[in-house]
Every structure is written in C-alpha cells, then in structure tokens.
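# Survey of secondary and tertiary structure
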Amino acid sequence: MKDNFERCLAFTLKQEGGYGDHPLDPGGATKFGVTQATLARFRGRAVSKADVRALTRQEAADIYRRDYWAPVAGDSLPVGIDAVVFDHAVNSGPTAALKTLRAALGLPLAEHVQGVVEACAKARSENLARELCRRRMSFLRALRTFATFGRGWTRRVEALEATALRMIRQAGPSRDGGPVPST
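The structure reproduced in this document is the subject of the present report. (Residues numbered from 1 in each chain as written. Predicted model: local features only at pLDDT ≥ 70, side-chain atom pairs only at ≥ 80, totals over all residues. Heavy atoms only, no water.)

## Considerations on the sheet that holds strand E2 (residues 30-31)
The line we're drawing: Paired strands are those between which DSSP finds at least two bridges. A run of H or I in DSSP becomes a helix once it reaches four residues, and a run of E becomes a strand once it reaches two; helices and strands are each numbered from the N terminus.
Taken together, the three strands give an open sheet; going across it, the order is E1-E2-E3, and neighbouring strands pair in antiparallel fashion. Of all the strands in the sheet, the pair left with one neighbour each is strand E1 (19-20) and strand E3 (34-35). By the bridge criterion, two bridges tie E1 to E2 in an arrangement that is antiparallel. Bridge pairing in E2 links tyrosine 19 to lysine 31.

Below, the structure is given as structure tokens:
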C-alpha cells in the first residue's frame, strides 16, 4: 500500500485556497474547499460560518482522507491517477469521481471498487489521467455555473493533468497496459 495522500492533498488545497463565501457558489461558505455542510457532517452537529473560517488544515486533511480519499481507494490507485480521482471527488463527490473513472476505463457503473483498482493497474496511467481530465472538463462545461467559475475550473484541471503526468513520470517507467478508450 502506498501513501500519496499528502502530495495529492497539497495540490487540492492549493487549488481550493482559504476561506470563501461566493454568493453564486452552491456550496456556500468554504475553507480549504470544505463546505459548511461537510464540516457539520464531519463534526456531527450544526456549524456556523465562523466554524468554517476557523477550520484547521489538519481537520480539513482528516475530512479529506476519510470522506474523499478512502471512498475512492486512493491508496490503491496508481500514482497520478490517485491525484486526478481524489481532486474530482473533492469537487463533485466520490460517487461522481468513481463513475467517471469507471466510464474512462470502459467498466460497467456497477463495477466494484476493487475491480476498478485492478483495471487501473492494467491501463496506461498517462492515457488514463488525460482521459479523466477530458471527461471532467466536459462535465464542468455543462454546469450552469461554468460562466462564473469556468476559467478557474479550466486552469485547475489543466494544472491537475500536468501534475498527475509529472507524478506518473516520476514514479517510474510506464506500464505496458492497454489504451484507455476515448468516447
């Protein structure tokens, strides 16, 4: 089992930034990308915007590890793919991130996470990272808030793809796995 969580988290936190409460963001008040609703679920009680503003990096990391990294099997995914899937999970939820991963791999939506991990190990990581980012951008472009947030989302996904490809190359020689289908 590998642990690339901190490296992936560092990318995501840099993109998410500090405290924000944009009136057009359906997530409302956030810090480090953690919404008020997510923080309340994690703590098991109602929280205020002041609680969100006071959120520490460590608590955000705990939330991300438990509620986003673990559900997408981050420690079992190939290096670089873990970053792409985790960051997508942070923005759209683990279910959506896994759905995109399954689709990129050509797997049925009901495929168990372990089957997804096994398919990832057989795929060419560079191709898979590119395909996941392409699919994510397609999804983001269809959102009604793209006009407001699209430029930032585009920069984020482009930076994520570059970061993931760098991680993959630094991890060692590419696998001889098959191509990832592009639809």
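## A few points about the state of the cysteines
The line we're drawing: For this text, the term disulfide refers to a pair of cysteine sulfurs within 2.5 Å.
Overall, the coordinates contain zero disulfides when judged by the stated rule. This cysteine, cysteine 120, is not joined by any disulfide, and cysteine 8 carries the nearest cysteine sulfur, 13 Å off.

## Structural notes on helix H2 (residues 36-43)
Threshold: Think of it in three bands: with a 1.4 Å probe and only protein chains considered, a residue is buried below 20% of the maximum accessible area for its type, exposed above 50%, and partly exposed in between. Only heavy atoms matter for contacts: two residues are in contact if any of them lie within 4.5 Å across the pair.
Residues Thr38, Leu39 and Ala40 constitute the buried set of H2. Summarising the contacts, the buried residues of H2 are in contact with E3, helix H3 (49-53) and helix H4 (57-69). Glycine 44 sits one or two residues past H2 and shows a positive phi near 75 degrees.

## Quick notes on the pattern of salt bridges
Heads up, the condition is: Within this document, salt bridges are pairs made up of a side-chain nitrogen of Lys or Arg and a carboxyl oxygen of Asp or Glu, the two lying within 4 Å of each other.
Considering all chains together, one arrives at eleven salt bridges under this definition. The partner of arginine 156 in a salt bridge is glutamate 16, with the nearest N and O atoms 2.9 Å apart. With arginine 156 in helix H9 (residues 146-171) and glutamate 16 in helix H1 (residues 5-16), the pair connects residues that are 140 residues apart, well separated along the chain. Assessed through its relative accessible area of 21%, glutamate 16 is described here as partly exposed. Three or more residues joined by partner-sharing salt bridges are found here, namely Glu16, Asp87, Arg136 and Arg156.

## A short note on the packing of aromatic side chains
To be explicit about the condition: Note on aromatic contacts: the rings of Phe and Tyr and the six-membered ring of Trp form a pair at centre separations within 6.5 Å, being stacked when their planes are under 30 degrees apart, edge-to-face when over 60 apart, and tilted otherwise. Two limits define a charge over a ring: the Lys NZ or Arg CZ must be within 6 Å of the ring centre, and within 35 degrees of the ring normal.
Per the counting criterion, the structure on display carries seven aromatic pairs. Consider the rings of tyrosine 64 and tyrosine 68, whose centres lie 5.5 Å apart with planes at 65 degrees: the pair is edge-to-face. On the criterion of helical spacing, the pair formed by tyrosine 64 and tyrosine 68 is a turn pair, its members being four residues apart in helix H4. Using a relative accessible area of 1% as the deciding quantity, one classes tyrosine 64 as buried. The ring of tyrosine 19 carries arginine 53 above its face, with NZ or CZ at 3.9 Å from the centroid.

## Side note on the environment of glycine 106
Relative to the assigned elements, glycine 106 resides in the loop between helix H6 (94-105) and helix H7 (113-122). For the pair formed by glycine 106 and alanine 46, sequence separation is 60 residues and the distance between their alpha carbons is 40 Å.

## Notes on the environment of glutamate 6
As a reminder of what qualifies: Between N or O atoms, a polar contact is any pair within 3.5 Å; within protein, one atom must be a potential hydrogen donor and the other a potential acceptor, and residues adjacent in sequence are included only when both atoms are from side chains.
The residue glutamate 6 is located in helix H1 in this model. Residues glutamate 6 and alanine 61 lie 55 residues apart in sequence; the distance between their C-alpha atoms is 8.5 Å. Within the structure, the side chain of glutamate 6 is placed 3.3 Å from the side chain of arginine 57, a separation counted as a polar contact.

## Focus on H9
Because each turn of an α-helix spans 3.6 residues, side chains separated by three or four positions in sequence point in the same direction. Counted only if it meets this: Note on bend: at a given residue it equals the angle between the axes fitted to the 7 residues ending there and to the 7 starting there.
Of all bends in H9, the biggest is about 30 degrees, found at glycine 152. Here H9 has its buried residues at Gly150, Trp153, Arg156, Val157, Leu160, Thr163, Ala164, Leu165, Met167 and Ile168. Residues of H9 that are buried make contact with H1, helix H5 (81-92) and helix H8 (125-141). Glycine 172, located one to two residues past H9, shows a positive phi value of around 130 degrees.

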